[in-house]
Amino acid sequence: MPTPAHPLDRPVWGALIGRWAPLALRAGAALRLSPEYGPFAATPDLTAVRLRDLAAFDLSGNGLDLVELTVVRPPAGLAVAVQAPLVQMTAAKVAHRESNIDIVALTEADGPEMLALARLTRPGPFAARTHRLGDFVGVKEAGRLVAMAGERMKPDGFTEVSGVCTHPDHRGRGYGGALMRSVARRALGRGETPFLHAYETNTRAIALYRTLGFEIRRVMTLTVLKSG
């Protein structure tokens, strides 16, 4: 199978042929992450003949999310539900900051609370088993999960920081930044480069990520395909 010039130019494809491969479903040449882990999909290239294979997947749920450098034109049988620019940011190092926030490793037992927090705060696609895609950390108060962050896409040599969210009643306490630093430092410690995606219009979040050490690498396009 062809590989992109840079792993982050086609991060979903890189993840699906790499560390996500055991969780991938195939339709022709197209691959998608098993839906209980998330909605992501990709094809070896963006030609019409390859994109048509995506129509064979079950799209009765939330559709398929493609993250590409270019705008994806829907093949016959599919339509665009969402199309928006994303900034892709990477960090060569993570800014150090003293913190007394008690960060804990999250486990399978925390899965239901993680899903509930994600459904409340909507940090991006988060399905029933998304928490199994990588290590997640969180902050708990009185035994209740109030903030979390973790790992999602893992193209070769890179780890995406994702699932970052804080309960509305506990915002403004620095939890998100502290958790992101923790996840990013773990990736750097493994010799991997942390990266993330944010909507280009979310200037407030992008400014926060810059303070942590992330810089914009490319502008990508999110395309969500649904049945036409």
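Just so you know, these numbers come straight off a predicted model, no measurement behind them.

1. As for the packing of aromatic side chains
For any two aromatic rings, the description comes down to two numbers: the centre-to-centre distance and the angle of the planes.
Move 1: All told, the structure shown has 3 aromatic pairs when counted by the stated rule.
Move 2: When the ring of Phe158 is compared with that of Phe195, the centres are 6.4 Å apart and the planes differ by 85°; the resulting orientation is edge-to-face. Placement of Phe158 in strand S9 (residues 158-166) and of Phe195 in strand S10 (residues 193-199) is noted, with a sequence separation of 37 residues between them. The residues Phe158 and Phe195 share a single accessibility class, namely buried.

2. Here's the deal with the pattern of salt bridges
Move 1: As enumerated under the stated definition, the model contains 14 salt bridges in all.
Move 2: Here Glu108 ties to Arg132 by a salt bridge, and the two come within 2.8 Å at their closest N and O atoms. One end of the pair, Glu108, is in the loop between strand S6 (104-105) and helix H3 (111-121); the other, Arg132, is in the loop between H3 and strand S7 (136-141), with 24 residues separating them in the sequence.
Move 3: Its relative accessible area of 41% is what places Arg132 among the partly exposed residues.
Move 4: Across the pair Arg190 and Glu192 runs a salt bridge, and its minimum N-O distance is 3.3 Å.
Move 5: Through salt bridges that share partners, Arg19, Glu151, Lys154, Arg190 and Glu192 make up one connected network.

3. Topic: the nonpolar core
Move 1: Membership of the largest hydrophobic core comes to 24 residues, with the highest contact counts inside it found for Met89, Val139, Met180, Tyr209 and Phe214.
Move 2: For this core, the secondary-structure elements that each account for two or more residues are strand S5 (78-90), S7, strand S8 (144-151), helix H4 (175-189), S10 and helix H5 (203-212).
Move 3: At 6 residues, H4 tops the list of elements feeding residues into this core.
Move 4: Not counting chain neighbours up to four residues away, the residues in contact with Tyr209 comprise Met89, Met180, Leu196, Ala198 and Phe214.
Move 5: Residues Leu33, Tyr37, Phe40 and Leu86 belong to the second largest nonpolar core, which totals 20 residues.

Calculation notes
- Residues numbered from 1 in each chain as written.
- Predicted model: local features only at pLDDT ≥ 70, side-chain atom pairs only at ≥ 80, totals over all residues.
- Heavy atoms only, no water.
- Phe/Tyr/Trp six-rings, centres within 6.5 Å; stacked < 30°, edge-to-face > 60°.
- Helix = DSSP H or I, 4+ residues; strand = E, 2+ residues; numbered from the N terminus.
- Buried < 20%, exposed > 50% of the residue type's maximum accessible area, 1.4 Å probe, protein only.
- Salt bridge = Lys/Arg side-chain N within 4 Å of Asp/Glu carboxyl O.
- Core = buried A, V, L, I, M, F, W, Y, C linked by side-chain atoms within 4.5 Å.
- Contact = heavy atoms within 4.5 Å.

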